[in-house]
Amino acid sequence: MEKDRKIDKVVNLAKRRGFIFPSSEIYGGLNSIYDYGPLGVELKNNLKKAWWDFMLARPDIVGLDSAILAHPQIWEASGHLEGFSDPLVDCKKCKSRFRADHLLAVQKKGIKPDFGKSKPKDKKKISCPSCGGELTEVRQFNLMFKTFMGPVEDSAGQIYLRPETAQGIYVNFLNSKEAMRLKIPFGIAQIGKAFRNEITTENFIFRMREFEQMEMQYFVDGQNNKQIFENFKKLRYDWYLSLGIDKENLRFRDHAKDELAHYASQATDIEYKFDFAGDGGFKELEGIHDRGDWDLSRHQKFSGQKMSLTDDQGREFVPQIIETSGGVDRAALAFLLDAYTEIEGGRSTTTESKKEKEVVLRLDKRLAPIKIAILPLSKKENLTAKARQIYQLLSAAYRLQYDETGSIGKRYRRQDEIGTPYCLTVDFDSLEDNQVTIRDRDSMAQERVSSNELKAYFQEKFSL
Ligand code: GAP
């Protein structure tokens, strides 16, 4: 295994500092399922809020929260029952299981994983990456999780956990349009859980079996899809940059014709340079898809409900869809990796910290789980009482952490490691002059601010 991978350090930090835990750990864990800890849930909520505000700030986009369980016919109409499968191969010797397209991509550089749902052209030339053994023929494996509704476990009660949030939007297209008196073009945004029984799960929260999506479906009349598609590509790319992702680590990748999903007429991935990935490290973060009228036409056909509209010229048309589809977890991972910085030899001035490597998580202020740490210089009652007073003052507006244990240098480093933008220290002078010291995570600049002005001070610091 490659040494010093950033992902390994982030996994370690995430567990140790309460961002992300392996799920059901006391029972040995559950493959590719993760739980978000006290800091992780804050990060994830901040990330979802940033996306939600970005979408809902537009007058032409409304929100939705549809159910995870849905009528099974939805998955027939959407094509998921028939086509949402991956090519699976097993090793005859060690019984390991792989996605055939991933194997081809890894072992035969230069061969495109382009066979999608069919047999790999070069299967004979590939072998088990674990033991070199011979592989079985390719079988198709449907990725949807099944469950049963009602007391009887028979095929009549069989339903599925949704593999994407998008379909919940399509089947609420008419309801939303009518209730909100919307006119084409308009969008519906939704954040929610999705489930896929992935064959190969990999790299921490990059590919999970239970994950969250943030999807926006923009309904158009089909007259200028190219322009709308290009606009959303740029808007979504810029959104990642605006929240601090380094431009060097972000790129577009257009899908080749033979790689397009069954519903898409054009598609682009926004890719992030995940350090664990091949092909220069870039892997999908979010997809922008032109889905044409596939979805509403199919739902019209399967439900019998009329989905078409009539334009000002009297032309009847089934609305087409431009989709932006991102993963909350994948974005959280990208933001964590991008923010993770190690400073060899340390940057603090205290003698104890000089020799050590320091970690700073340079998360955007909007994403940081803890906004301000409140640190009384000592555990003396008069200092802690004042620090607690300040905690009370700021706690309604900001997520805070109170810490009175260890040296101040150690406490600063604990906060740097979890990305807290500001540390506020109450010292003995504070008792005299009613001022506190505020330290900036990135510049380490310190300034004295009156306790009476703290609300206004942080309001300015956290304003956009
Ligand atoms: N509605 C279209 C759709 O679902 P997708 O490319 O299959 O498209 C969209 O998924 C996004 O969802 C991906 O770009 C990725 O960020 C996230 N995603 C998909 N499968 C995932 C998984 N198994 N684990 C974590 N995130 C996943």
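Fair warning: this is a prediction, and the values are worked out from it, not measured in the lab.

Overview of the overall build of the chain
Helices and strands together make up the secondary structure of the chain, namely 15 helices and 23 strands. In terms of overall dimensions, the chain has a C-alpha envelope of 75 × 65 × 50 Å along the principal axes. For the chain, with 464 residues in total, the buried portion stands at 52%. The contacts of the chain with a sequence gap of at least 6 include a subset with a gap of at least 24, amounting to 63%. For the chain, the accessible area works out to roughly 22,500 Å², and carbon and sulfur atoms hold 50% of it. Positive and negative charge centroids in the chain, built from 73 and 70 side chains respectively, lie 3 Å apart.

Things to note about the layout of surface pockets
Gaps between atoms show up when a probe of the same size as a water molecule is rolled over them. Its boundaries defined by the atoms lining it, the second largest pocket holds a volume of some 450 Å³. Taken together, 19 residues line the second largest pocket, and the ones lying closest to its centre are N46, K49, D53, R366 and K371. Listing elements by their share of the lining of the second largest pocket, those giving two or more residues are α2 (38-56) and α8 (225-242). If you tally residues by element for the lining of the second largest pocket, the top one is α2, at 6 residues. Each residue belonging to the lining of the second largest pocket can be placed in one class, and the counts come to 10 nonpolar, 2 polar and 7 charged. Shared between two domains, the lining of the second largest pocket takes at least three residues from each, and those domains are domain 1 (2-69 + 164-336) and domain 2 (367-461).

Section: helix α9 (residues 294-303)
Buried residues of α9: D295, L296, R298 and H299, and no others. On an axial view of α9, the arc spanned by its buried residues comes to 160°, and they lie on one face. Residue G304 follows α9 closely and has a positive phi angle near 80°.

A short note on the side chain of R330
Summarising the element assignment, R330 is placed in helix α10 (residues 328-339). Here F206 takes part through its backbone oxygen, which lies 2.9 Å from a polar atom of the side chain of R330. Apart from the residues within four sequence positions on either side, R330 is in contact with I205, F206, R207, F274, E284 and L285.

Some remarks on the sheet that holds strand β13 (residues 282-292)
If you trace the 7 strands from one edge of the open sheet to the other, you get β3-β9-β10-β16-β13-β12-β11, paired in mixed fashion. Where the open sheet ends on each side, the last strands, each with one partner, are β3 (61-64) and β11 (250-254). For this sheet, the mean inter-axis angle between neighbouring strands, taken without regard to orientation, is 20°. Where β3 lies against strand β9 (residues 186-195), 4 bridges are found, and the strand directions are parallel. In the strand pairing of β9, I61 is matched with G187. Relative to the sheet, α2 contacts β3, β9, β10 (210-220) and β16 (320-327), its axis offset from that of β9 by approximately 160°. Strands in contact with α8 are β10, β11, β12 (266-273), β13 and β16; relative to β13, the strand with the most contacts, it is inclined by about 155°.

Considering α10
The terminal C-alpha atoms of α10, which comprises 12 residues, lie 16 Å apart, in line with the 16 Å expected from a rise of 1.5 Å per residue. Of all 12 residues making up α10, 12 are buried, and the element is well covered by its neighbours. Among the residues of α10, those classed as buried are V328, D329, R330, A331, A332, L333, A334, F335, L336, L337, D338 and A339.

Points about the environment of Q435
The topology assignment puts Q435 in strand β22 (residues 435-440). Classification of Q435 as partly exposed rests on a relative accessible area of 27%. Taking the C-alpha atoms as reference, Q435 lies 6.0 Å from R448; in sequence the two are 13 residues apart. Those residues within four positions of Q435 in sequence are excluded, and the remaining contacts are S430, R448, V449, S450 and S451.

A few points about the pattern of salt bridges
Throughout the structure, instances matching the rule amount to 37 salt bridges. A salt bridge links D254 to K233; the shortest N-O distance between them is 3.8 Å. With D254 in strand β11 and K233 in helix α8, this residue pair connects regions lying 21 residues apart in the sequence. With its nearest N and O atoms 3.6 Å apart, the salt bridge here joins R253 to D269. Taken together, the residues span a long stretch of sequence, with R253 in strand β11 and D269 in strand β12 at a distance of 16 residues. R253 gets classed as partly exposed once you look at its relative accessible area, which sits at 26%. Among the ionic contacts, a cluster of salt bridges with common partners joins R251, R253, E259, D269 and E271.

Digging into the site of the ligand
Taken together, 22 residues are adjacent to the ligand, and E164, M208, E215, E284 and E323 come closest. Contact between the ligand and F206: a nitrogen atom at 3.5 Å from a main-chain N or O atom of the residue. Between E215 and the ligand, the recorded distance is 2.5 Å, taken from a side-chain N or O atom to a nitrogen atom. Expressed as a share of its isolated accessible area of 550 Å², the protein-covered part of the ligand is 92%. If you list the elements that add at least two residues to the shell around the ligand, you get β10, β13 and β16.

Conventions adopted
Residues numbered from 1 in each chain as written. Predicted model: local features only at pLDDT ≥ 70, side-chain atom pairs only at ≥ 80, totals over all residues. Heavy atoms only, no water. Helix = DSSP H or I, 4+ residues; strand = E, 2+ residues; numbered from the N terminus. Buried < 20%, exposed > 50% of the residue type's maximum accessible area, 1.4 Å probe, protein only. Contact = heavy atoms within 4.5 Å. Areas by Shrake-Rupley, 256 points an atom, 1.4 Å probe, with all protein chains shown as cover. Lys, Arg positive; Asp, Glu negative; His and termini not counted. Charge placed at Lys NZ, Arg CZ, Asp CG, Glu CD. 1 Å grid on protein atoms, 1.4 Å probe; cavity = no way out; pocket = protein on both sides within 12 Å on 5 of 7 lines; lining within 4 Å. Points joined across faces, edges and corners; volume = space filled by probe spheres on them. Nonpolar A, V, L, I, M, F, W, Y, C, P; charged D, E, K, R; others polar. Domains from an automatic or database assignment. Arc of directions from axis to C-beta. Polar contact = N/O pair within 3.5 Å; in protein donor to acceptor, adjacent residues only side chain to side chain. Pairing = 2+ DSSP bridges. Axes fitted to C-alpha atoms, helices over the stretch in contact; angles between N-to-C directions. Expected span 1.5 Å × (residues − 1). Salt bridge = Lys/Arg side-chain N within 4 Å of Asp/Glu carboxyl O. Near = heavy atom within 4 Å.

So yeah, pure geometry; function would need other evidence.
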